[in-house]
Amino acid sequence: MSETEGADRRGKVDRPGKEVGEGFGEAEVAELCRDLIRIDTSNYGDGSGPGERAAAEYVAEKLAEFGLEPQIIESEKGRASTIARIEGEDPSRPALLIHGHTDVVPANAADWTHHPFAGEIADGMVWGRGAVDMKDMDAMTLAVVRDRLRSGRKPPRDIVLAFLADEEAGGVYGAHHLVDRHPGLFDGVSEAIGEVGGFSFTVNEQLRLYLVETAEKGMHWMRLTVDGTAGHGSMTNKDNAITELCEAVARLGRHQFPVRVTKTVRHFLDELSDALGVELDPEDMDTTLERLGGIAKLIGATLRNTAQPTMLGAGYKVNVIPGQATAHVDGRFLPGYEEEFLTQLDAVLGPRVKREDVHSDKAVETDFDGPLVEAMQKALRAEDPIARAVPYTLSGGTDAKAFSELGIRCFGFAPLQLPADLDFAGMFHGVDERVPVDALKFGVRVLDRFIDAS
């Protein structure tokens with residue numbers, strides 16, 4: 001009897017090395033994640049990264065193995081994304097997009113406990129750059145899709161899969177390229193799920209919240225420039241560009257923008273207030289954030305606009321006062337507050353500072369309601385009886401910005417049940433990024449149920 005013939009509805013078969021009752025997808029998800037981590041897809045922001053094409057080919061091969069015909073689309077040499085469509089039981093229904101990016105931010109191996117591109121399993125976790133951002137979701141998606149294709153289980157509606165390049169540098173060569181140049185790939189898609197959502201926050205033994213991203217801040221990555229008077233370093237100079245710029249950057253770095261409670265933040269605070277049994281005051285969030293542990297890093301920046309200086313540059317010799325100084329700033333604004341953000345930003349910087357965008361993108365927000373949200377709740381509770389899904393705003397950005405241009409309603413839903421003491425938020429772009437193997441298997445089960453319910 002073949003493995004397919006021996007599979008039940010969820011594709012579960014006896015396989016060497018798997019746990020009793022474990023499905024095909026659960027059995028291979030950790031290895032898929034390790035394989036993806038071992039492909040160095042570091043995105044330096046200048047197109048010099050080595051591995052996006054290799055990752056696209058790996059994903060295409062894994063999808064083709066069970067009958068799909070994926071496309072690899074390059075925006076520029078090596079900047080490759082993989083797209084595939086799975087036919088559903090009812091092709092007349094609007095389609096669902098499941099997307100993930102294959103690129104990662106660079107990592108310095110000397111800082112890590114385990115090499116960031118070795119994909120090692122230690123202490124019950126898969127370690128490596130991309131383990132949480134976001135090769136975990138890529139692996140879970142591949143595992144679920146391969147399981148369903150192998151066992152012949154069609155989804156209720158068409159599913160479009162997108163494994164994308166360049167998200168870590170704004171998606172210009174990935175999602176934005178596909179949306180601008182190949183929008184037909186997403187014909188009929190009404191909703192999407194992607195990264196940075198669906199992960200757990202343990203409140204107590206009776207309740208685990210799963211944070212689903214329904215909004216994310218917009219971005220203005222900026223270059224600041226001040227022109228001054230060049231001269232000899234030994235002389236007095238009252239028009240020193242470095243001095244003027246540093247004073248402006250220091251003002252900006254210390255500036256605290258006002259609290260602005262958007263509808264998603266209000267919904268999250270209401271849910272959290274109910275879960276904790278205390279009333280939360282948005283104007284006094286220090287107490288609230290203390291209760292959130294590691295996820296405070298994700299939530300704290302969603303109450304106000306932010307502008308963080310990240311780079312400084314000036315001069316070429318110690319005894320030469322340069323005529324120009326530059327800085328780069330990572331600016332993020334809440335949905336509905338872009339104009340206020342820019343006005344306040346210019347007021348803080350002052351008239352001497354020239355500001356120009358290096359990359360900008362909009363904020364996005366959707367309501368936390370409808371059949372797709374109900375499908376998330378149902379799938380989570382089936383695998384975790386004390387689960388409750390709640391909406392939240394992401395302080396960063398994702399490829400949802402690009403797909404929203406097509407009218408697609410986007411959610412962050414990459415389900416993981418995490419240990420209560422794991423600093424999950426701290427591992428995004430951090431050192432020793434890792435994801436529990438059990439959380440990957442949980443995500444496979446939840447995603448499979450979610451597809452059936454969606």
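Because the structure is a prediction, the values reported are computed rather than measured. (Residues numbered from 1 in each chain as written. Predicted model: local features only at pLDDT ≥ 70, side-chain atom pairs only at ≥ 80, totals over all residues. Heavy atoms only, no water.)

## A closer look at the packing of helix H5 (residues 241–254) against helix H9 (residues 338–349)
The description of two helices packed together rests on the angle between their axes and the distance between the axes. Look at H5 against H9: their axes get within 8 Å of each other, and the N-to-C directions meet at 135°. One way to sum up the angle between H5 and H9 is to call them oblique. The residues of H9 that touch H5, namely those facing Ala 248, Arg 251 and Leu 252, are Leu 345, Val 348 and Leu 349. Each residue belonging to the contact of H5 with H9 can be placed in one class, and the counts come to 5 nonpolar, no polar and 1 charged. (Axes fitted to C-alpha atoms, helices over the stretch in contact; angles between N-to-C directions. Helix = DSSP H or I, 4+ residues; strand = E, 2+ residues; numbered from the N terminus. Parallel < 35°, antiparallel > 145°, perpendicular 65-115°, else oblique. Contact = heavy atoms within 4.5 Å. Nonpolar A, V, L, I, M, F, W, Y, C, P; charged D, E, K, R; others polar.)

## A word on the confidence of the model for the protein
Model confidence for the protein is summarised by a mean pLDDT of 92, while 93% of its residues fall at 70 or above. Low confidence marks residues 1–18, where pLDDT is under 50. Its contacts with residues over four positions away, or in another chain, come to 34 contacts. (pLDDT = per-residue confidence, 0-100.)

## Comments concerning the pairing of strand S10 (residues 218–227)
Most of S10 is tucked away: 7 of the 10 residues are buried. Pairing geometry for S10 and strand S14 (residues 324–333), over 10 bridges, is antiparallel. Pairing of Trp 221 across the sheet is with Asp 330, part of S14. Two elements, S10 and strand S15 (residues 354–361), share 7 bridges in a ladder whose sense is antiparallel. In the strand pairing of S15, Met 222 is matched with Asp 357. (Buried < 20%, exposed > 50% of the residue type's maximum accessible area, 1.4 Å probe, protein only. Pairing = 2+ DSSP bridges.)

## Focus: the sheet that holds S15
Here 4 strands make up an open sheet; going across it, the order is S12-S14-S10-S15 and the pairing antiparallel. The open sheet has two edge strands, strand S12 (306–314) and S15, and neither has a second partner. Here the strands of the sheet are splayed against their neighbours by 20° on average, with no regard to which way each runs. Alignment of S12 against S14, held across 8 bridges, turns out to be antiparallel. Each bridged residue has a counterpart across the sheet, and for Ala 314 the counterpart in S14 is Ala 325.

## What to know about a negative patch on the surface
On the surface, Glu 279, Asp 281, Glu 283, Asp 284, Asp 286 and Glu 290 cluster together into a patch of negative charge. Here Glu 279 lies in the loop between helix H6 (263–276) and helix H7 (285–290). Residue classification places Glu 279 among the exposed positions, given a relative accessible area of 76%. (Patch = residues over 30% accessible without salt bridge, like charges linked within 9 Å, V, L, I, M, F, W, Y side chains within 5 Å. Areas by Shrake-Rupley, 256 points an atom, 1.4 Å probe, with all protein chains shown as cover. Salt bridge = Lys/Arg side-chain N within 4 Å of Asp/Glu carboxyl O. Lys, Arg positive; Asp, Glu negative; His and termini not counted. Charge placed at Lys NZ, Arg CZ, Asp CG, Glu CD.)

## What to know about the nonpolar core
The tendency in soluble globular proteins is for nonpolar side chains to be buried as a group. Membership of the largest hydrophobic core comes to 81 residues, with the highest contact counts inside it found for Leu 63, Met 140, Leu 161, Ile 193, Leu 211, Phe 413 and Phe 450. Per element, the largest residue contribution to this core is 9 residues, and it comes from helix H12 (residues 437–453). Filtering out sequence-adjacent residues up to four positions away, Leu 161 remains in contact with Leu 63, Leu 68, Thr 82, Ile 83, Ala 84, Ile 86, Ile 98, Thr 141 and Val 145. One finds Leu 224, Leu 245, Ala 248 and Leu 252 within the second-largest nonpolar core, a separate group that totals 21 residues. (Core = buried A, V, L, I, M, F, W, Y, C linked by side-chain atoms within 4.5 Å.)

## Considerations on the sheet that holds strand S5 (residues 125–127)
Spatially, 3 strands are ordered S4-S5-S19 in an open sheet, and the strand pairing comes out antiparallel. Looking at strand neighbours, the two that pair on one side only are strand S4 (121–122) and strand S19 (434–436), the edges of this open sheet. Sheet topology places S4 next to S5; 2 bridges connect them, and they run antiparallel. By the bridge assignment for S5, Ile 121 is matched with Val 126. Relative to S5, helix H1 (residues 24–38) is tilted by about 10°, and along the sheet it contacts S4 and S5.

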